[in-house]
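What follows is each chain in one-letter form.
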Amino acid sequence: MLEKGTPRFLPNGDFAGYVGIVFDLTDIKRGQERALREKNLENLRVLSAGIAHDFNTLVGAIFGEVDLALSDMPANSPGRENVERIFAVAKRAADIVRLLLAYVGDWSDDSETELVDLTEVVEEIVPHLKAPILRRAEIRTCLAARLPSVRGRMQQIRLVVLNLILNAVEALEGEKGLVTLTTAPVEIPGDSMEGSREGLPTGSYVKLEVSDTGSGIAEEVQDRMFDPYFSTRFLGRGLGLAAVQGIVHSHRGAIHAKSTPGDGSTFEVLLPVASNSPPADPRQMR
Ligand SMILES: Nc1ncnc2c1ncn2[C@@H]1O[C@H](COP(=O)(O)OP(=O)(O)OP(=O)(O)O)[C@@H](O)[C@H]1O
Ligand SMILES: [Mg+2]
């Protein structure tokens, strides 16, 4: 609060009181904090892009050398196990570089875009989820059939679905719980408040929703969870949601989370329908 007061006096000089103004500066302060945060994130994005590109080249060179070394080594060679371990570590490094490139929205070295059906992506991923995940979570799906396609990069959209599922399962914190995956067509009409809330232009979108019955997300975590290297998990790197957000934004979509701490969370991704995609039939569900 900013308070300003001016004393007033009667014609005879007696003190009459104050005329005061009280400004509520909360919105201005929040706006300044948001602007500073966005500037810092932009700097971080530029730095990450540089590091990710350099490391991409270095990891590529390691792969090349390891490949050559392995092809020259007999199966029983004493050093072979070490070289294979170098290969495994380089693969982990490549995964991190891929997430960082996703975060900065750089796909220059990646495949072309194609028409992607989100329902098909979920249907492809769910049966291949590993046993430790399926032991901890019951996975339910509510998928729209004949969903309009989005134009995107299949590998990256898979990364989005997989990371949201993994986070949902981790949020169960070892307890048995439910993870629900939903796809549906969504219209954002011109006069909609929803449009402004999502910051998306009017149009047809496809929604992917991943909800869990897990721990929920504390408010201070909600503010930071999309930041790279922010994690509350013991083994977390904090790159999952940063990459997911980078991918969603580079596909001109939006992501937001709703959560009641202690009562689970829902992540909603909206991606624009490809312009040559057939119209949706929302009555058909799988
Ligand atoms: N479904 C969820 N429920 C509760 N908290 C979540 C959920 N999804 C994300 N979070 C919170 O957001 C943080 C950041 O998530 P993010 O996926 O970026 O990193 P991570 O899962 O910790 O590590 P990584 O994905 O790199 O292995 C998590 O550590 C967790 O605190
Ligand atoms: Mg994660």
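Residues numbered from 1 in each chain as written. Chains lettered and ligands numbered in written order. Predicted model: local features only at pLDDT ≥ 70, side-chain atom pairs only at ≥ 80, totals over all residues. Heavy atoms only, no water.

Visitor: So what exactly am I meant to see when it comes to the overall build of the chain here?
Guide: For the chain, the count of helices and strands is eight helices and nine strands. Principal-axis analysis of the C-alpha atoms gives the chain an extent of 110 × 50 × 40 Å. Counting all 286 residues of the chain, 40% fall into the buried class. If you take every contact in the chain between residues at least 6 apart in sequence, the share linking residues at least 24 apart comes to 72%. One finds the centroid of the 31 positive side-chain charges in the chain at a distance of 1 Å from the centroid of its 40 negative side-chain charges. (Helix = DSSP H or I, 4+ residues; strand = E, 2+ residues; numbered from the N terminus. Buried < 20%, exposed > 50% of the residue type's maximum accessible area, 1.4 Å probe, protein only. Contact = heavy atoms within 4.5 Å. Lys, Arg positive; Asp, Glu negative; His and termini not counted. Charge placed at Lys NZ, Arg CZ, Asp CG, Glu CD.)

Visitor: Even after reading the chapter, I still don't get the packing of helix α5 (residues 154-170) against helix α8 (residues 240-250), so can you show me in this structure?
Guide: Two measures define how a pair of helices packs: the angle their axes make with one another and the distance between the axes. With their axes 9 Å apart at the nearest point, α5 and α8 run at an angle of 145° to one another. α8 is crossed by α5, and the crossing has left-handed handedness. Along the contact surface, α5 presents Gln156, Leu159, Val160, Asn163, Leu164 and Asn167, while α8 presents Gly240, Leu241, Val244, Ile247 and Val248. Grouping the amino acids of the contact of α5 with α8 by side-chain chemistry returns seven nonpolar, four polar and no charged. (Axes fitted to C-alpha atoms, helices over the stretch in contact; angles between N-to-C directions. Left-handed = near helix turned anticlockwise from the far one by under 90°. Nonpolar A, V, L, I, M, F, W, Y, C, P; charged D, E, K, R; others polar.)

Visitor: Would you mind going over the environment of phenylalanine 230 with me for this structure?
Guide: Turning to its location among the elements, phenylalanine 230 is positioned in the loop between α7 (219-224) and α8. A sequence separation of 10 residues divides phenylalanine 230 from glycine 240, and the C-alpha atoms of the two residues are 9.6 Å apart. Residues in contact with phenylalanine 230, not counting those within four places in the same chain, are Val221, Arg224, Met225 and Gly238.

Visitor: Would you explain the site of ligand 1 in this entry?
Guide: With respect to spatial proximity, 22 residues lie near ligand 1, and among them Asn167, Ser231, Thr232, Leu239 and Leu241 are the closest. A distance of 3.0 Å separates an oxygen atom of ligand 1 from a polar backbone atom of glycine 238. Contact distances for ligand 1 include 2.9 Å between an oxygen atom and a backbone N or O atom of leucine 239. Counting residues per element, the ones that place at least two in the shell around ligand 1 are α5, α8 and β9 (265-272). For the shell around ligand 1, the leading source of residues is α5, giving three residues. (Near = heavy atom within 4 Å. Polar contact = N/O pair within 3.5 Å; in protein donor to acceptor, adjacent residues only side chain to side chain.)

Visitor: I keep staring at the nonpolar core and nothing clicks. Help me out?
Guide: If you look at soluble globular proteins, the nonpolar side chains tend to sit buried side by side. Membership of the largest hydrophobic core comes to 53 residues, with the highest contact counts inside it found for Leu164, Val179, Leu208 and Phe267. Residues from two domains meet in this core; each of domain 1 (27-104) and domain 2 (114-272) gives at least three. Those residues within four positions of phenylalanine 267 in sequence are excluded, and the remaining contacts are Leu164, Leu208, Glu209, Val210, Ile217, Met225, Phe226, Leu241, Ile255, His256 and Ala257. Val186, Ile188, Ala254 and Leu270 belong to the second-largest nonpolar core, a separate cluster that totals six residues. (Core = buried A, V, L, I, M, F, W, Y, C linked by side-chain atoms within 4.5 Å. Domains from an automatic or database assignment.)

Visitor: What is the right way to look at the pattern of salt bridges in this model?
Guide: Pairing is possible between side chains that carry opposite charge, provided their charged atoms lie close to one another. Per the stated rule, a full pass over the model turns up nine salt bridges. Here arginine 80 makes a salt bridge to glutamate 84, at a shortest N to O gap of 3.3 Å. Here arginine 80 and its partner glutamate 84 are both found in helix α2 (residues 80-104), four residues apart, which amounts to about one turn of the helix. Residue classification places glutamate 84 among the partly exposed positions, given a relative accessible area of 38%. For arginine 85, the salt bridge identified is with glutamate 81, shortest N-O distance 3.7 Å. A residue pair is termed a helical-turn pair when its members lie 3 or 4 positions apart in one helix, as arginine 85 and glutamate 81 do in helix α2 at four residues. Owing to a relative accessible area of 54%, glutamate 81 belongs among the exposed residues under this scheme. Shared partners join several salt bridges into a network, and the residues in it are Glu170, Glu173 and Arg233. (Salt bridge = Lys/Arg side-chain N within 4 Å of Asp/Glu carboxyl O.)

Visitor: Even after reading the chapter, I still don't get α2, so can you show me in this structure?
Guide: One turn of the α-helix equals 3.6 residues, which is why residues spaced by three or four share an orientation. Spanning 25 residues, α2 covers 36 Å between terminal C-alpha atoms, matching the ideal 36 Å at 1.5 Å per step. Restricting attention to buried positions, one finds in α2 the residues Arg80, Val83, Ala90, Val97, Leu99, Leu100, Leu101, Ala102, Tyr103 and Val104. Those residues of α2 that are buried are in contact with α1 (26-72), α5 and α8. Glycine 105 sits one or two residues past α2 and shows a positive phi near 70°. (Expected span 1.5 Å × (residues − 1).)

Visitor: Explain the domain arrangement of the chain to me, please; I cannot follow it from the model alone.
Guide: Taken domain by domain, the chain consists of domain 1 (27-104) and domain 2 (114-272). Each of domain 1 and domain 2 has a C-alpha centre, and these two points are 24 Å apart. Residue-level contacts link nine residues of domain 1 with 13 residues of domain 2. With both chains or domains summed, domain 1 and domain 2 bury close to 1000 Å², and 67% of this area falls on carbon and sulfur atoms. Between the two partners, domain 1 and domain 2, sit one salt bridge. Across the salt bridge formed by aspartate 227 and arginine 37, the nearest N and O atoms sit 3.5 Å from each other. (Buried area = accessible area lost by both parts, 1.4 Å probe.)

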